[in-house]
Amino acid sequence: PELKQRREIVGGSMVFVDQPPVRAAVYGRVLVLEGVEKAERNTLPLLNNLLENREMALEDGRFLVAPARYDALIADGAS
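Residues numbered from 1 in each chain as written. Predicted model: local features only at pLDDT ≥ 70, side-chain atom pairs only at ≥ 80, totals over all residues. Heavy atoms only, no water.

Topic: the confidence of the model for the protein
Taken over all residues, the pLDDT of the protein has a mean of 90, while the share at 70 or more is 96%. Per-residue pLDDT, averaged within each element of the protein, yields its smallest value for helix α2 (residues 43-53) (87) and its largest for strand β2 (residues 13-18) (96). (pLDDT = per-residue confidence, 0-100. Helix = DSSP H or I, 4+ residues; strand = E, 2+ residues; numbered from the N terminus.)

Here it is as structure tokens:
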């Protein structure tokens, strides 16, 4: 299963559907990670970056970033 986003065909067009870790991060919800000890090796770095650094690049081009870091980037003039 996809960890970040899943591709679906809706009305003849491909769309990305956020998966539970992304929805939890975007909406500030709790994410329960049941059975994480059984996860594939390449899954853990993705989760670790989201949980520790609060960052994740998404397949649809969005980039999740912690609010404090975003505010700092805006203050420095980045857009």
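A short note on the environment of Glu34
Tracing the backbone through its elements, the reader meets Glu34 in the loop between α1 (20-27) and α2. Distance in space between the C-alpha atoms of Glu34 and Ala75 is 39 Å, their sequence separation being 41 residues.

Focus on unusual backbone geometry
In this structure, Arg54 is a non-glycine residue whose phi angle is positive, near 60°. Inspection of the secondary structure puts Arg54 in the loop between α2 and β3 (56-57). Residue Arg54 is classed as partly exposed on the basis of its relative accessible area, which comes to 49%. (Buried < 20%, exposed > 50% of the residue type's maximum accessible area, 1.4 Å probe, protein only.)

With respect to the pairing of strand β1 (residues 5-10)
The pairing of β1 with β2 spans six bridges and is classified as antiparallel. In the strand pairing of β2, Glu8 is matched with Val15. Between β1 and β2, which follow one another and run antiparallel, lie two residues, and Gly11 among them has a positive phi close to 60°. (Pairing = 2+ DSSP bridges.)

A short note on the nonpolar core
Across soluble globular proteins, nonpolar side chains have a tendency to be buried as a group. Core analysis: the biggest nonpolar cluster contains five residues, these being Val22, Leu50, Met56, Leu58 and Leu64. When sequence neighbours within four positions are dropped, the list of residues in contact with Leu58 reads Lys4, Gln5, Val22 and Leu64. (Core = buried A, V, L, I, M, F, W, Y, C linked by side-chain atoms within 4.5 Å. Contact = heavy atoms within 4.5 Å.)

Some details on the side chain of Glu55
Summarising the element assignment, Glu55 is placed in the loop between α2 and β3. In terms of polar contacts, Glu55 uses its side chain to reach the side chain of Arg69, at 2.3 Å. Contact partners of Glu55, with chain neighbours within four places excluded, come to Asn49, Leu50, Phe63, Leu64, Val65 and Arg69. (Polar contact = N/O pair within 3.5 Å; in protein donor to acceptor, adjacent residues only side chain to side chain.)

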